[in-house]
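Structural characterization, general
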Amino acid sequence: MSEAAIRIGVLGLGSVFYGPYMSMIERLAADGRARVTAVYDIDEGKRRAAGARLDLDPGLSRPEAVIESDDVDVVLVLTSMNEHGPLAIAALEAGKHVLVEKPMATSLEQAAALVQLAAESPRHLICAPHILLAPTYRRVLERVEAGEIGRLLLARARYGWSGPDWGRWFYERGGGALFDLGVYNVTALCGLFGRAQRVTAMAGVAIPERIVEGEVVRVEAEDNAQVLIDFGDARFASVTTGFTMQKYRSPAIELYGSDGVLQMLGDDWAPEGYELWRNSSGSWELFPESDPGWQWTEGLRHLVDCIEQDREPVIRPEHAYHALEIMLAAKAAAADGRAREITSDFPRPVYSTVELRLGGHRVHDPRSTLIQGG
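Quick caveat, the model's predicted, so the values are computed rather than measured.

**Considerations on a nonpolar patch on the surface**
A surface patch of nonpolar side chains, about 240 Å² in accessible area, is lined by Leu154, Leu228 and Phe236. Tracing the backbone through its elements, the reader meets Phe236 in strand E11 (residues 236–242).

**Quick word on the confidence of the model for the protein**
When pLDDT is averaged across the protein, the result is 93; 93% of the residues are at 70 or more. Here residues 356–374 scores under 50 on pLDDT; set against residues more than four positions off or in separate chains, the count is 36 contacts.

**Brief notes about helix H9 (residues 317–336)**
Helix length check: H9 (20 residues) gives 29 Å between terminal C-alpha atoms against 28 Å at 1.5 Å per residue, within 8%. Just downstream of H9, Gly337 is the residue with a positive phi angle, here 80°.

**Here we look at the sheet that holds strand E2 (residues 34–40)**
Note: strands within a sheet are paired through backbone hydrogen bonds, in either parallel or antiparallel orientation. Spatially, E2-E1-E3-E4-E5 is the arrangement adopted by the 5 strands of the open sheet, whose pairing is parallel. In this open sheet, the two strands that pair with only one neighbour each are E2 and strand E5 (125–127). Pairs of neighbouring strands in the sheet enclose a mean axial angle of 20°, with direction left out of account. Here 3 bridges tie strand E4 (residues 97–100) to E5, and the two strands are oriented parallel to one another. When the bridges of E5 are listed, Leu99 appears paired with Ile126. The strands touched by helix H1 (residues 15–30) are strand E1 (6–11), E2, strand E3 (74–77) and E4; relative to E2, the strand with the most contacts, the crossing angle is about 145°.

Here is what the cut-offs are and how they apply
The residue numbers shown here count from 1 along each chain, following its written sequence. Since the coordinates come from a predicted model, pLDDT governs what is reported: local features require at least 70, and pairs of side-chain atoms require 80 or more to be given and counted, while whole-chain, interface and lining totals use all residues. Computation of side-chain values: all heavy atoms of the structure, hydrogens and water removed. By definition, no residue in a patch forms a salt bridge, and every one has over 30% relative accessible area; like charges are joined within 9 Å, nonpolar side chains (Val, Leu, Ile, Met, Phe, Trp, Tyr) within 5 Å. Using the Shrake-Rupley algorithm and a 1.4 Å probe, accessible areas are obtained, with residue cover drawn only from the displayed protein chains. Salt bridges are identified by distance alone: a Lys or Arg side-chain nitrogen within 4 Å of an Asp or Glu carboxyl oxygen. In this text, helices come from DSSP runs of H or I with a minimum length of four residues, and strands from runs of E with a minimum of two, each type numbered from the N-terminal end. Confidence of the predictor in every single residue is expressed as pLDDT, which spans 0 to 100. By the convention used here, residues are in contact when the closest approach between their heavy atoms is within 4.5 Å. In this analysis, the expected span of each helix is defined as 1.5 Å times one less than the number of residues it contains. One requirement defines pairing of two strands: DSSP has to find at least two bridges between them. Interaxial angle, 0 to 180 degrees, is taken between N-to-C directions of lines fitted to C-alpha atoms, where a helix line uses only the stretch in contact.

Quick look at the structure:
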């Protein structure tokens, strides 16, 4: 392992760490670019297991021991949602680079503190989700910005599943389907439309009790939601999300423009290519996924790139703040039926220093004949 490898301290040793992030860390470690040097979890058993696997001290019994360690350059925050904001704030204040899983915080006050700290700090703050880095998302955004479907007018987005049977906090206050699932759609739509201006929603608890780790849990946070976002000038988007969706076969994001349609296939965190309809051509064009191996943990590699190359990340904390404001506004609107104004803004993503693998030759969809004939 290179002595120059970036040293990562991990807070939260659950399934998100052991699966997707561990895979990314192992790939970075194999290239001599990063290594885990400290770990913490409230569960002593998880600390010991991680210590044994990574040959690390399992005795760090406080998150501060990781955050304040001289042997840590990057703090990776993978804890339950309510802890994201305070831990990320502490890590930035300690002079560390930070990657925090979604949402960046569960209150606007904490999120605002993070944005301010990131602006003042020489360190980087990257907030999940990392979907703006996906080659398919970037290609869709490029086509939208090039005006290939005309003026963007309307959109539908969806992501959900039947819900986790681990982690009570998913269903407790500070958790919920919007923070865990809807955040992907909200982040993606804002990247495509720009700043949201107003939000209304319906959200609630559709399944009052869940079985979590073999025990009955009373659900306190919304598990079912429909969100309507107003992007101004009568341009609207809806988000369908919940721990109530058993299966689906539909595009992740549908974008309707004045001159055409773009549909991202799969999920926005795991795209499967996209399809394009242009009025001028009168046919559907299918663009297969250009990078089937793309991982939703790509933000960690991006952070390592930015540290090594001393450049600003594509993913901006202001974007994460804007998404959080929308989700909190949706929760409030669902409670009292009143739409909420959105006041924040964020810079557009800039990809000029990021390699963009476009790939994928277009294929004329056989459905085109049916559509033209109809």
